[in-house]
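Commentary on secondary and tertiary structure
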Amino acid sequence: MSQKSEPSNLGRPRICSIADALEVVGERWSLLVLREISFGVHRFKDIQVNTGAPRETLALRLRKLEEAGVI
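Here's a quick rundown of the structure. Sequence order as written defines the numbering, with residues in each chain counted from 1. Local features in this predicted model are restricted to residues whose pLDDT is 70 or higher, and side-chain atom pairs enter the listing and the counts only when it is 80 or higher, whereas totals over whole chains, interfaces and linings include all residues. Side-chain descriptors were evaluated using all non-hydrogen atoms of the structure, hydrogens and water having been removed beforehand.

1. Quick word on the side chain of S30
Formally: Counting from the N terminus, the helices are the DSSP runs of H or I reaching at least four residues and the strands are the DSSP runs of E reaching at least two. Note on classification: 1.4 Å probe, protein chains only; a residue is buried when its accessible area is under 20% of the maximum for its type, exposed when over 50%, partly exposed between these limits. Contacts between residues were defined by any pair of non-hydrogen atoms, one from each residue, lying within 4.5 Å.
Summarising the element assignment, S30 is placed in helix α2 (residues 28–38). Residue S30 is classed as buried on the basis of its relative accessible area of 0%. Discounting chain neighbours no more than four positions away, the residues touching S30 are V24, V25, R61 and L65.

2. Some words on the packing of aromatic side chains
How we decide: We call Phe, Tyr and Trp rings a pair once their centres come within 6.5 Å, taking the six-membered ring for Trp, and we label the pair stacked below 30 degrees between planes, edge-to-face above 60, and tilted otherwise. A positively charged side chain is recorded as over a ring if its NZ (Lys) or CZ (Arg) lies within 6 Å of the ring centre. The angle to the ring normal must also be within 35 degrees.
Inspection of every chain in the model, using the stated rule, returns zero aromatic pairs. The ring of W29 has R28 lying over it, and the distance from NZ or CZ to the ring centre is 4.6 Å.

3. Topic: the environment of W29
Summarising the element assignment, W29 is placed in helix α2. C-alpha separation for the pair W29 and G52, spaced 23 residues apart in sequence, amounts to 8.9 Å. Residues within four places of W29 in sequence aside, it is in contact with T51, G52, A53, P54, T57 and R61.

Here you go:
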């Protein structure tokens, strides 16, 4: 017997861990930074060269990933 689940958020966006994760890593530069770190690249300049990210953008993304506890 199948039960149809009723939404509990009543007119509000659904709470979703996937959406929360995308807020942190679902952006081009953030994903490229994570790629570089996973390849063992840890120096700012090397990450910048390998991703092509502008300096200020890269600094902001690294800060955001650090604050979120991803790196």
